[in-house]
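This is what each chain is made of:
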Amino acid sequence: IDERFGPIQIESHRSESDSAGINAMSVSRVIIVDDEGRHGEGTGVDQDIEISAMKALIDAVNKAYIERHFRTAA
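Within every chain, residues take consecutive numbers counted from 1 along the sequence as written. Where local features are concerned, this predicted model is filtered to residues with pLDDT of at least 70; where side-chain atom pairs are given and counted, the filter is 80 or more; whole-chain, interface and lining totals use all residues. Hydrogens are left out, water is left out, and the side-chain values use all remaining heavy atoms of the structure.

Caption draft 1: Region of interest: the sheet that holds strand β3 (residues 39-46). The sheet built from 3 strands is open, its strands ordered β1-β2-β3 with antiparallel pairing. Among the strands making up the open sheet, the edge pair consists of β1 (8-17) and β3. Averaged over neighbouring strand pairs, the angle between their axes works out to 15° when direction is ignored. Sheet strands touched by helix α1 (residues 49-70): β1, β2 (26-34) and β3. Its angle to β3, the strand with the most contacts, is close to 145°. A strand pair is defined by DSSP finding two or more bridges across the two strands. Put simply, DSSP marks the helices as runs of H or I at least four residues long and the strands as runs of E at least two long, and each gets a number from the N terminus on. Axis definition: a line fitted to C-alpha atoms, over the contacting stretch in the case of helices. Angles run 0 to 180 degrees between N-to-C directions. Should any heavy atoms of two residues lie within 4.5 Å, those residues are counted as being in contact.

Encoded structure:
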């Protein structure tokens, strides 16, 4: 993604409709893995399948970024 985060790969992607018919929404789930082997999972919902997939990817990257840079030792 950039020099502060490092490369990611999409490990898994799944999109499905939440109902039947013209008003159905696409629900996408994306799992990514970063260059340190950490996984992140994101979800996105939209009427457009491509937009829901991009929302899921952004959600996964944001969660992985927060985990990587702001995680506190437990």
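So, next bit.
Caption draft 2: Region of the structure containing the environment of Leu57. Relative to the assigned elements, Leu57 resides in helix α1. Spatially, the C-alpha atoms of Leu57 and His13 are 9.0 Å apart, while their sequence positions differ by 44 residues.

Caption draft 3: Local environment of the pairing of β2. Counting buried residues in β2 gives 7 out of 9 residues, a clear majority hidden from the surface. Sheet topology note: the β1/β2 ladder contains 9 bridges and is antiparallel. Of the residues in β2, the one forming a bridge with Ser12 is Ile31. Alignment of β2 against β3, held across 8 bridges, turns out to be antiparallel. Of the residues in β3, the one forming a bridge with Val27 is Val45. Remark: 4 residues form the turn of the hairpin made by β2 and β3, two consecutive strands paired antiparallel; Gly37 in that turn has positive phi of roughly 85°. Residue exposure (1.4 Å probe, protein chains only): buried if accessible area is under 20% of the type maximum, exposed if over 50%, otherwise partly exposed.

Caption draft 4: Layout of the environment of Val61. Counting through the fold element by element, Val61 comes out in helix α1. A C-alpha to C-alpha distance of 6.8 Å links Val61 and Gly40, two positions 21 residues apart in sequence.

Caption draft 5: Main features of the pattern of salt bridges. Salt bridge criterion: a side-chain nitrogen from Lys or Arg within 4 Å of a carboxyl oxygen from Asp or Glu. All chains considered together, the criterion is met by 7 salt bridges. A salt bridge links Glu36 to Arg68; the shortest N-O distance between them is 2.8 Å. A residue pair is termed long-range when its members are at least 10 positions apart, and Glu36 in the loop between β2 and β3 and Arg68 in helix α1 qualify at 32 residues. Looking at Glu36, the relative accessible area reads 46%, which means it is partly exposed. Asp59 serves as the salt-bridge partner of Lys63, at 3.3 Å between the closest nitrogen and oxygen.

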